[in-house]
Structure formats: structure tokens, C-alpha cells
Amino acid sequence: MTDRGPLTAAELAQENEALRHRLQEAEDLITAIRTGTIDALAVQAPEGPRIFTLEGADQSYRTLIEQMSEGALLLSQNGTVLYCNACLAGMVKAPLESMMGVAFHDFVPTDCQAYWEDLLAKAWRGKSKGEMPLQATNGQQRPVALALNVLVFNQTPVLAVIVTDVSEQREISAIRARVTEQNTLLERQQETLRTQAQAQQAAEQTAAETSRILEGMPHIAWTANSAGRNTYLNRRWFEYTGHNAQIDPAHSFSALIHPDDLPGAVQRWREAIESGEALEIECRIRSATGEFRWMLGRALPSRNEQGEIIQWIGAYTDIHEHKVTQARVAEAQELLRASNEQLLRINRDLDNFIYTASHDLKAPINNIEGLLAALLGELPAELVAGPAVEPLVRMMQGSVDRFKRTIEHLTEVTRLQKEHEQPQGLIELAPVVRAVMLDLVPLMEASGAQLDVDVQHCAPVPFSEKNLRSVIYNLLSNALKYRHPDRTPRVQVRCHATAEHQVLTVQDNGLGLKVAGNAKLFAMFQRFHDHVEGSGIGLYMVKRIMENAGGHVEVQSTVGVGSTFSVYFRR
Amino acid sequence: MPLPSCILLVDDDQTTNYLNRLLLKRLAVADELLVAQNGLEAMDALQARRPGPKPSEPVLVFLDVKMPVMDGFEFLQAYEHLPAANKPETVIVMLTTSLHPQDVERMQQLKIAGFLNKPLTKEKIDDVLLQHFQYVPAE
């Protein structure tokens, strides 16, 4: 002031007035301090505002505020800390004495400044609440809840702020959340346990039911685990074997299976366990009486939802009678087969015999014929033609001819046997009938016979063509040969099909014959009519050919009316 | 081709041989008639003849099938293996009573002029002479 030079009176009066005003302020302040209206002063210093606290204003309130475990502070309108308690200083890790007069927003993290400004703005209009972190002087942050209120000191509004540390609350809520989570987990585990218990109960129920069913079965029933170890045997087993379940529960299957059947049974069981495929065995098991009875053993694997085998359920069925019968049948079949073979051998021998015999008889009869001719050549012609010798020569020649013919027929039969194996084809009947009819033209013309053939619609038959021709030739030539002397021979050739056969019928109006001796009719060298030239071999051949091909021949006939021959070709 | 210089009858049945010999003699179709009772005797008879100065005059052989010692089939096999210098040219006809399909099949595979069913007759001989010697007998 001394530097400003001399002052005017007006200036002096003005200065005087100002000083008087300041004195008045000072006197008012002292009064306020005396009366406890204020307890702290903020003084603007060149280095910033400074706070001067005053003792004794209201010591008890002050102590409460100082010592409460929540932060408390007063903020001026420009955000300067007018007051703060020890708790808040602790929160921001700053000495209490350094707190007064600092700007509070120094403790607000950068990213929360806007939020803080907003809270402040709201608070100045009345009050506000919020949550945000506070940043301590060492950089650490801690979450706090803030409650802001406007207070008025000596007509000057200030903001009272209560700061509550919520980091512990956060921890608690975190713990609570964890506890809730674990509770949920526990709940879930318990639920799982409950489900498992239910499943087990269901499984036990099923097992009990299975046992009850197996127990009640009239068969031996058993179960085994997936490794093949026996886990259950029903009552029937103990009844059958005579073992006592109580005394001897561990007795084994293998001890009771017949030693001859055991290796096979064990093998099959092992294979089944490995492959998981159904088991089926036949073996003899010793009964309580010591008798070994045949049993059919079957077992199926029982699987869980994952397809794993959990157990095997098996049963033994007594098939003893069946098996014994089967053995008897097999034995009978074996006998039959043996006798069949023997018959075949005999047939073969017989064929060979006929063949050899006919061959060996040919040479001497040829010689006799030759010698007879030679003898006749040596005799005088008139003697040979004479009444004493001529009939003898004729009869001798007749006998020789008959002998030769018989041998020829025998040879034919053996030839037929050899031709049995010739290849078969599907043969149409109509062309074969036509061909045979051509062969028989002379006989037909001689007899004036009428042939009525209708076989066009016939299905072809599986047969040897040569044999078919032979059959039809024999039937047609018989029909013509054994014609009735009093009427024109009429022969009908027809065919029809049955479920198993194609049937060809040849019906004539000839002599007919007694069918009573049907078997004889088809026998070798059987002749029914003396007056007709015949070998007695034709029908025998027909029968043999048909039977060799799996078919047969039938005849219906009335003496004096006619005959119907039916040949049945297997389809 | 001229008539066979020689006809050889091979059969174990003496009566058959006798009758056939009688027949051939009456027909007078060969200068020489020989008889053998089995294949072995036939081999000897043929080897004894040797090829003649006129090789175009073959020996006609009527050969039976079933004989003891060496049968017709065995004879054919043995004769085939003889060196050509040791045997005359031959026309071999087999005579048989066998019509066993197996025998017939076997005969059809043989290197022979033909086979005939017994008994031998004038007609059969004429046929053989016509077929293998182009000889037509005078009526």
C-alpha cells in the first residue's frame, strides 16, 4: 500500500469503510466461533484454501462423526473438501491432516468423473445416491456407496457426503452367490442321486420280477454275468440235479455235463461270450438219479441302453425223448440207406448178370444156328424137304429164333439201364408223337386204325427224348397190336396237367385186359395175348423209364372194351 | 485192290472158328486161311508172314473181342507197337456180340477197319470185301 502513493480523501474514506466492514466480519466470526455456530474456517491462502478447525463447537457430535466407521465429508460448492473424518482418510490412504482443502474429484477414477459430476449436480438440487469406486493415493480402488445431502451453514450451502465401503458387501454377495451356486449344484446332485436310486429300484424290481418269472418256469433257467460267470439258477435246476442250493450253491455246470459233451459246450459258451451272439448247445446233463438226459441249452445276452451286455439269460429244455427218437430215426435212415445201397448194388449186379448172360448165350446159339445150317448143307436136299425132317428143321429154327429174340430183349433192358443217366431236356410231346406215328404207318395202314391226337396244348416235360419216344412208341404200338378183331381200332391220345404231373393218356377200344394183376402187367416177359407177336418187354420198359424219371404209369381196362394207359411225367 | 492173300480168324471158340472157316472156304475169297485162338497166337501168325513182295495185298483179320491170354483190345495195342518191318499190312475187323455202350464207344475209337456183330454171314463178308477191297463177288 505504501507503494501506491498519496491517497485522496475520498479514497481514504472508502478504505476506512472497507476496513470497518472487515472488522465487522471478524467480530461476527468471533461471535460465531464463541457461540459454536461454526467449527472450522476455510481461508484462502496464496497456495490454496486452508481449513482451520475450531475446538469446542459441538464436541460430542464431532466425536461421533470422527469415530464412525463410515466415511463422512463436507464439500464446498467448487468440490473442495471442507471436512473429512478419519475413516474416509483411511479409505483413500491419505493422512487426515492433508485432506482438508483438497479437491475431492482427485479421488474419483477418470472413467467415473462424468458419473460423479452427475451425482454432484443432482445433490446440489437436494440429494442423490450412487455407487462407484474411490481411488486411493496409492492407486488402489475400492467400491463405495455414496449419499449426498445439501446442508446450509451460515447461509452458505455445503454438501454432506456419507461414504460407505461396500467392498466387503461385495465379497459377501460374492460368497452368497457362490453358496447359491453350490446349493444349486447340491440340489442337482441330489436329483441325480434320486434318479439313480429310482433307476436302481426299477432295476431291482425288474431283476426280482425276472427271478420270479425264471423261478416259475417249467424249464431250467439261469443267468450269468457278462464274463460268463453263473449268477443265478432257478429251482428247477436244483430239482433236476438234486443239488441243494443252500449247502452247495457254488457247484458248477461243468461237473454235471457229460464229459463227451463238455469240451464242445465250453467252446460254444466262450464263443458266445466273446461275440455276444445267441448261444445254442445240446448236451447231456446228469440228473438227480444219475441219468444223463439230453438238454437243449439256449441263452441270449441282455443289454443296457448303451448296448453293453449286462447279463446272459439262459434256459435248458429237456429234449431227451426227442433226441432219442431222432437217433432212432437216424439209425433207421442209415439202415434204409444201407439197404438202398445194397439194392442198387444188386440191381447193378443183376444188370451186369443179364448183360453177361445174354452175351455168353449169344455165342452158343449163333453156333447152333450155324451148325444147323452146315448140317442141312451136308444132307441131301430131298431129305431136308421131306415130311420127316422138314418139320423138325422148322421147329429147331423156330426155337433158335425165339432164343435169339429173348436175348435181344434182355440186351435192350440192360441198354435201357445204361441210358438212365442220359441228359434230360424240356421235351415237347407233340413232335415226338408225330415222329412215332410216322414209324407206325405200316401198322396203322394194315389195321385201318384211326388215331385222334390232341396234345398241342401240353406243357413240355423234363425227360430224355429217346426215352420219351420209347414210351410213346410202346403205348401206341400196343394200342394197335391188341386191337379188337370185330371193330376199327380207334386210339385217342390226350394230355392234361395235375398239380404235380403232366399226364399223357392213350385210350384204345381194343381187347382190354384184367387189371387185377396190374403188377404182373408191367413185369418183364409177361404176355397177356398169345395170338399177337410180342416180347413181353414193352410195358416193362415203359414202367422202368417212367419210374427212373420220377414218374409212373397207370392202366384202366375192361376186357372186350378197351384200355387206357396214363403216363405221369413229373413237372 | 486185289483180294486178301490171307484171312486170319482170331477167336477162342473153336466151333465159331470152324463155322467161319467153312463159310470162307465156300466163298473162296482168299488163298490162305489161318486160325488163332487168342491175340498172342495171332501176333505169332502175323509176324511169321512178314511183309510180302506185294505189300498191296493185306491180310484180312477177323478179331474177336473177348479171349483168354490176350484179348482183342490188347492185341490191337501190341500189334500197333510192332516195327513196320516185322508185320504185313492188315485190314482188321472186330467181331463181337457185345453191344455194351462202353465197349461200342471203345471200339469206335480204335484204329480198325470196322466192327461187326456176330455171327459172321456171307452178306457181312461181301460187305467187308466191297468196302475195303472193292471186290464185287460174281453172282
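Starting from 1, residues in each chain are numbered consecutively following that chain's sequence as written. Here every chain gets a letter starting at A, and every ligand a number starting at 1, in the order they are written. In keeping with the model being predicted, local features are shown solely for residues with a pLDDT of at least 70 and side-chain atom pairs are shown and tallied solely at 80 or more, while totals for entire chains, interfaces and linings include all residues. The side-chain figures draw on all heavy atoms in the structure; neither hydrogens nor water molecules are used.

The name recorded for chain B in an unreviewed UniProt entry is Response regulator, from Hymenobacter jeollabukensis.

The name given to chain A in an unreviewed UniProt entry is histidine kinase, with the source organism recorded as Hymenobacter jeollabukensis. UniProt positions are given in the numbering used here, feature names are shortened, and annotations may be inferred rather than shown by experiment. Its UniProt record gives chain A a comment under Catalytic activity (unreviewed entry), which states: "ATP + protein L-histidine = ADP + protein N-phospho-L-histidine."

### Regarding the sheet that holds strand β5 (residues 127-135) of chain A
Residue and element names in this part refer to chain A. Here 5 strands make up an open sheet; going across it, the order is β4-β3-β7-β6-β5 and the pairing antiparallel. One side of each edge strand has no neighbouring strand; the edge strands of this open sheet are β4 (81-84) and β5. With strand direction ignored, the average angle separating the axes of adjacent strands in the sheet is 25°. Only strands joined by at least two bridges in the DSSP assignment are considered to pair. In this description a helix means any DSSP run of H or I spanning at least four residues, a strand means any run of E spanning at least two, and both kinds are numbered starting from the N terminus. Alignment of β5 against strand β6 (residues 141-153), held across 9 bridges, turns out to be antiparallel. In this analysis, axes come from line fits to C-alpha atoms, helices being fitted only over the stretch in contact, and the angle between any two N-to-C directions falls in the range 0 to 180 degrees.

### A look at the packing of aromatic side chains
The description of two aromatic rings rests on the distance between their centres and on the angle between their planes. All names here are of chain A. Each pair of aromatic rings taken from Phe, Tyr and Trp, with Trp reduced to its six-membered ring, is defined by centres within 6.5 Å and is described as stacked if the planes are under 30 degrees apart, edge-to-face if over 60, and tilted in the remaining cases. Taken as a whole and judged by the stated rule, the model has 6 aromatic pairs over all chains. When the centroid spacing of 5.3 Å and the interplanar angle of 80° are considered together, the rings of Trp269 and Trp312 count as edge-to-face. Of this pair, Trp269 sits in helix α7 (residues 262-275) while Trp312 sits in strand β12 (residues 309-318); the two residues are 43 residues apart in sequence, bridging distant segments of the chain. Of the two residues examined, Trp269 and Trp312, each falls in the buried class. Feature note: the residues Phe104, Phe107 and Trp116 constitute an aromatic cluster, connected by ring pairs. Criterion for a charge above a ring: Lys NZ or Arg CZ within 6 Å of the ring centre, and within 35 degrees of the ring normal. Positioned above the aromatic ring of Trp294 is the side chain of Lys323, whose terminal nitrogen or guanidinium carbon lies 4.7 Å from the ring centre. Partly exposed residues are those whose accessible area sits between 20% and 50% of the maximum for their type, while under 20% is buried and over 50% is exposed, using a 1.4 Å probe and protein chains only.

### What about the state of the cysteines?
Residue and element names in this part refer to chain A. In this description, a disulfide is simply a cysteine sulfur pair whose atoms lie within 2.5 Å. Counted under the stated rule, the structure contains 1 disulfide over all chains. The disulfide that involves Cys458 links it to Cys495, with 1.6 Å between the sulfurs. In this structure, the disulfide formed by Cys458 and Cys495 twists by about -125° around the S-S bond and is classed as left-handed. One end of the pair, Cys458, is in the loop between β14 (450-454) and β15 (461-463); the other, Cys495, is in strand β16 (residues 490-497), and 37 residues separate them in sequence. Judged by relative accessible area, Cys495 falls into the buried class, the value being 8%. Summary of cysteine pairing: Cys84 is not part of a disulfide, and the nearest cysteine sulfur, belonging to Cys87, is at 9.4 Å.

### Points about helix α15 (residues 538-548) of chain A
Residue and element names in this part refer to chain A. Counting buried positions along α15 gives 8 out of 11 residues, so the element sits mostly inside the fold. Of all the positions in α15, only Gly538, Leu539, Tyr540, Met541, Val542, Arg544, Ile545 and Met546 are classed as buried. One or two residues past the end of α15 sits Gly550, with phi positive at roughly 85°.

### Things to note about the packing of helix α13 (residues 465-481) of chain A against α15 of chain A
All names here are of chain A. Relative to each other, α13 and α15 sit at 145°, their axes nearing to 9 Å. Crossing hand, α13 versus α15: left-handed. From α13, Asn467, Ser470, Val471, Asn474, Leu475 and Asn478 reach across to α15, where they touch Gly538, Leu539, Met541, Val542, Ile545 and Met546. Crossing handedness: left-handed means the near helix sits turned counterclockwise from the far one by under a right angle, and right-handed means the same turn made clockwise. The contact rule is simple, with two residues in contact once any of their heavy atoms fall within 4.5 Å.

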